[in-house]
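Residue strings, one per chain:
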Amino acid sequence: MGARKTKVEVTLSRDLSVFDITMIGVGAMIGAGIFVLTGHAAGAAGPAFLVAFLLNGVVTLFTAASYAELGSAFPQAGGGYVWIQEGLSPIFGFLGGWMDWFAHSLACSLYALGFGSYAADLLHRSGVTVPGMEREGLATALAVAVAIIFTFINYLGASETGAVGNIVTMTKVVILAAFAAFGLVALFRLPHWTQHFVPFAPQGLISIISAMGLTTIAFQGYEVIAQCGEEVENPKRNLPKAIFAAIGIVVIIYLAVGFVALGAIDLGKLSADVRASLPAGVDTTWEFLAHFEETAMVEAARQVMPFGAYVLLFAGLVSTISALNATIYSSSRVSFAMGRDRNLPPFFGKIDPRRRTPAVAIFISGGLVILMVSALPIKDVASAADIMFLMLFAMVNLTVIRLRRLRPDLDRGFKVPFMPLVPILGITFQILLAFSLFRLSPIAWFTVVSWIGAGFIFYLAYARTSEAMEEPELVLHEEIVTVRRHSLIFPLDRKTRVERLMPLISAWAHENEAEILALHVVRVPAQLSIRQGRMFLAEGKALLERVIAAAKEADVPIHSMIRLGRDEVKGIFRTARQHRASLMVLDWRGYTRSRGRRFGHVIDRLVDNPPCDVVVVSHKGLESLKRILVPASGGPHAVLAASLAAQLGVHFDASVTMLNVCTHDSTPEEQERRLEHLKATTKGIDFPFAYQVLPATDAVEGILEQAVDYDLVLVGAAPRRPFAQALFGNIPERLAAQCPKTVIMVKRRDPLEAILRRIRPGVPIEPPVEATDVVAA
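Residues numbered from 1 in each chain as written. Predicted model: local features only at pLDDT ≥ 70, side-chain atom pairs only at ≥ 80, totals over all residues. Heavy atoms only, no water.

### A short note on empty space enclosed by the protein
This model, assessed by the stated rule, comprises one cavity of 30 Å³ or more. By volume, the largest cavity is sized at about 100 Å³. Together, N56, V59, T60, T63, T216, F219, Q220, Y222, L390, F393, Q430 and L433 line the largest cavity. Those elements that place two or more of their residues in the lining of the largest cavity are α3 (49-73), α16 (378-406) and α17 (421-440). Take the lining of the largest cavity: its biggest share by element is four residues, from α3. Residues that form the lining of the largest cavity fall into these classes: six nonpolar, six polar and no charged. (1 Å grid on protein atoms, 1.4 Å probe; cavity = no way out; pocket = protein on both sides within 12 Å on 5 of 7 lines; lining within 4 Å. Points joined across faces, edges and corners; volume = space filled by probe spheres on them. Helix = DSSP H or I, 4+ residues; strand = E, 2+ residues; numbered from the N terminus. Nonpolar A, V, L, I, M, F, W, Y, C, P; charged D, E, K, R; others polar.)

### Topic: the nonpolar core
Formed by 207 residues in total, the largest nonpolar core has its most connected members in F179, F288, L312, W508, I628 and L714. For this core, the leading source of residues is helix α5 (residues 90-125), giving 17 residues. Non-local contacts of I628, meaning those with residues more than four positions away in its chain, are made with A645, L648, G649, A654, S655, V656, T657, Y710, L712 and L714. Residues F599, I603, V661 and Y710 belong to the second largest nonpolar core, which totals 36 residues. (Core = buried A, V, L, I, M, F, W, Y, C linked by side-chain atoms within 4.5 Å. Buried < 20%, exposed > 50% of the residue type's maximum accessible area, 1.4 Å probe, protein only. Contact = heavy atoms within 4.5 Å.)

### What about unusual backbone geometry?
A cis amide bond links V198 with the next residue in sequence, P199, at an omega value of -5°. Positionally, P199 belongs in the loop between α7 (162-189) and α8 (206-214). At the junction of M419 and P420, the peptide bond is cis and its omega measures out at 5° in the coordinates. Inspection of the secondary structure puts P420 in the loop between α16 and α17. Backbone geometry places F307, a non-glycine residue, at a positive phi of 50°. With respect to the helices and strands, the residue F307 is situated in the loop between α13 (296-304) and α14 (308-340). The phi angle at R580 is positive, at roughly 50°, despite the residue not being glycine. Here R580 lies in the loop between α21 (568-578) and β7 (581-587).

### So, the pairing of strand β13 (residues 742-747)
Taken across its six residues, β13 has six buried, putting it largely inside the fold. Covered by surrounding structure in β13 are T742, I744 and V746 together with V743, M745 and K747, the residues of both alternating faces. Of the strand pairs in this sheet, strand β8 (residues 613-618) and β13 are connected by five bridges, and their pairing is antiparallel. Across the sheet, residue V614 finds its bridge partner in β13, namely K747. Bridge count between strand β12 (residues 712-716) and β13: five bridges; the pairing is parallel. Considered in β13, the bridge of L714 is made with I744. (Pairing = 2+ DSSP bridges.)

### Points about the environment of F438
Summarising the element assignment, F438 is placed in helix α17. Taking the relative accessible area as the measure of exposure, F438 reaches 48% and is therefore partly exposed. For the pair F438 and I387, spaced 51 residues apart in sequence, the C-alpha to C-alpha distance is 9.5 Å.

### A look at the confidence of the model for the chain
Confidence in the prediction of the chain, expressed as mean pLDDT, is 81, and 85% of residues score 70 or more. Per-element averaging of pLDDT across the chain places strand β14 (residues 774-775) at the bottom with 30 and strand β9 (residues 627-631) at the top with 93. Note on residues 1-8: pLDDT is under 50 here. Beyond four places in sequence and across chains, it has 24 contacts. Contacts for the low-pLDDT stretch residues 754-777, under 50 throughout, to residues beyond four places or in other chains number 50 contacts. (pLDDT = per-residue confidence, 0-100.)

### Topic: the side chain of S105
If you trace the backbone, S105 turns up in helix α5. Aside from chain neighbours lying at most four places away, what touches S105 is S331, S365, L368 and V369.

### Some thoughts on the packing of aromatic side chains
Counted by the stated rule, this structure contains 28 aromatic pairs. Here the aromatic rings of W101 and F348 are separated by 5.6 Å at their centres, their planes lie at 80°, and the arrangement is edge-to-face. In this pair, W101 sits in helix α5 while F348 sits in the loop between α14 and α15 (359-375), placing the two residues 247 residues apart along the sequence. A residue is classified by how much of its surface remains accessible, and F348, at 6% relative accessible area, is buried. Stacked on the ring of Y710, the Lys or Arg R627 has its end atom at 4.2 Å from the ring centre. (Phe/Tyr/Trp six-rings, centres within 6.5 Å; stacked < 30°, edge-to-face > 60°. Lys NZ or Arg CZ within 6 Å of the ring centre and 35° of its normal.)

### Here we look at helix α6 (residues 135-156)
Look at α6: 32 Å from first C-alpha to last across 22 residues, which is about the 32 Å you get at 1.5 Å a residue. L138, A139, A143, V144, V146, A147, F150, T151, N154 and Y155 are the residues of α6 that are buried. Close packing links the buried residues of α6 with α5, α14 and α15. (Expected span 1.5 Å × (residues − 1).)

### Observations regarding a nonpolar patch on the surface
On the surface, F152, L156 and F363 cluster together into a nonpolar patch covering about 270 Å² of accessible area. Positionally, L156 belongs in helix α6. (Patch = residues over 30% accessible without salt bridge, like charges linked within 9 Å, V, L, I, M, F, W, Y side chains within 5 Å. Areas by Shrake-Rupley, 256 points an atom, 1.4 Å probe, with all protein chains shown as cover. Salt bridge = Lys/Arg side-chain N within 4 Å of Asp/Glu carboxyl O.)

### Observations regarding the pattern of salt bridges
Scanning the entire structure with this criterion turns up 13 salt bridges. In this structure, a network of salt bridges that share partners links the residues D121, R125, R135, E299 and R302.

### Some words on the packing of α3 against α17
It is the contact of α3 with α17, at a shortest axis distance of 8 Å, that shows an interaxial angle of 130°. Regarding the angle of α3 to α17, the classification is oblique. Crossing handedness for the pair α3 and α17: left-handed. Here N56, V59, F62, T63, A65 and S66 of α3 lie close against α17, whose contacting residues are V422, P423, L425, G426, F429, Q430 and L433. Its residues placed into classes, the contact of α3 with α17 shows eight nonpolar, five polar and no charged. (Axes fitted to C-alpha atoms, helices over the stretch in contact; angles between N-to-C directions. Parallel < 35°, antiparallel > 145°, perpendicular 65-115°, else oblique. Left-handed = near helix turned anticlockwise from the far one by under 90°.)

### Regarding the packing of α16 against helix α18 (residues 442-461)
Interaxial distance between α16 and α18 falls to 8 Å at its minimum, and their mutual angle equals 50°. It follows from the interaxial angle that α16 and α18 lie oblique. With respect to the hand of their crossing, α16 and α18 are arranged in right-handed fashion. Taken together, the residues of α18 that come into contact with α16 (itself represented by D380, S383, A384, I387, M388 and M391) are I443, A444, W445, V448, W451 and I452. Class assignment of the residues belonging to the contact of α16 with α18 gives a composition of 10 nonpolar, one polar and one charged.

### Section: the pairing of strand β11 (residues 690-695)
Taken residue by residue, a regular strand's side chains alternate between the two faces of the sheet. Bridging between strand β10 (residues 655-662) and β11 involves six bridges; their strand directions are parallel. Across the sheet, residue L659 finds its bridge partner in β11, namely Q692.

### Details of α15
If you check α15, its first and last C-alpha atoms are 24 Å apart, about what 17 residues at 1.5 Å a residue would give, namely 24 Å. Of the positions making up α15, those classed as buried are A359, A361, I362, S365, G366, L368, V369, M372 and V373. Here the buried face of α15 lies against α5, α6, α14, α16 and α18.

Structure follows, in structure tokens:
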């Protein structure tokens, strides 16, 4: 046999659509800008904060264009830190990561403080008091508590799924749209609502620049989109599209909500308790918003819509929690990557062997968040985060100019127009906005300078002299591979009973002249990038070696693959589709710890909507294979069961008995009809089947009595009614659970069912297969 040596194929799963990443960006932006910073922006610029929002959207496009170009050219990269390393000098690469880490930690602190303020306000409105604590102290305590909780949650590896994230984002958008709608109705009922916008810039035009700087973080979501590059379908096209779409959506929402908050509040109709809480001299709506600061939106909603305060409090709490969770793992991702690159001490790059999360990076990042929450007021935290992000974005704009010159060969899905004018404009505005924040918060500048100064010292003392950590070796095994037209896919995990199943799999592969596609999917936790999941590749080495050894002994060709992704089922599904697998073999160990599942989280989802014909083996020992029992009642699944049984019969020289169970009161004519039906099931299969019709009180009990004299029971799924919830049906599943012999359940893929699922509400549909990155291993 002509043999060639090849290496294990390693692929990355791309699971996020353009809608998913657009919602990720929208969710990240809405997390702070509207809910936490509107009141502060009104205090900085008066009604002119609307202009600040609009101009921020325009200025953001300059840097967003740079992110779109770099994200499409480096879809595998994790964002600004990696790009700056690629395009600028090592010290800029280090400082980019150092600043990115602190910027995300500060953003996380802002969200924690926002949560604390909203939670304290909710407790206050509900009449709940904590003895010995003022409202401001309670808000800080709640902020620290939520930061601790979500640091631990990230350590455990829990994360917000794409579907949940989309729901959270859509909830926020719907609530803000409702607020805008109620507000517009209230606004147009006021005879002199235009007076709420006069004077338009009471603090002077320079205040618009300060408000722009303060709310920069509200437009930071496009960086989060870029960090998703390696998980996006068709990133070269979808990353730029999602970045610009997210910015456009958010700018419209900000302007609509800000306009309503300024114009719809009737100060003459405030309740007595609200009027009493205002200081003397508050005569305009912008002063009203400025007084309430981070809870300004709550008070505005209270005035313009039913239960408005509670609705906005709910949206604010959900928003800040969602953003808090996302930024903790973003922050830990950056510090983890720097630890892997030896820009930070190696313990930052360590992975907890049990949780598969960067535990040290998470806990140190969480400690940094808690320190900022405890030490600085919310305005100073927001200003410091803004300054950090502005500096980081300026470095990214510089990087895109430099890489355009140094790497003209890069395949860019999007190119910044009018180069280098657009990124230079971005750099100019970022420097201007950063310096404008000194007027608003000198403490923020002191914090930023101290952090960058500490970074310079650390770089000179440690990072400059430390060599980058070697990338993990991806070559796990080299073996003879012969490519065949048909594939039989065998998904593996560390508990798969390889030696027990391989004789059956090898027999089917041999009889069908197919290759075995041995697949191990590595689930990478959300706290790590997909490519960082390469450190887990070694866990599949022993599995693949065992399968390859068994296939070699049986003289069956084998193709080995390791796939990195967030979801095992999607990885298996897409691999089966891409390789046009004709049969999938799954190992069921006879139990599941997944609540509400019949066979387990993975098997249930694959069997429910299989990408090809599927076999589930409940192996209970098989010393020899001489007699095979096939209970059947007709239908395509029974035909598949008979065919697979015949192949085993040929390979192992075993007999196959087709069995149909009827009731005791069945007439001889009925039994004869059933016998003919059994023979029709095997029509066209070249094998000497035996046939039996067995009267019994209970079908399963009758089969179990017969199975005592057989080595293997192979049963097809019951005919499935459209939209039914059963996987194989009652009889096959009872047999698998109760029969002491090895039971194989088979199910033929039904194209009609796959089509019907597209109109079935609540049922996930696997996305079409996209091109997948292949890591040269």
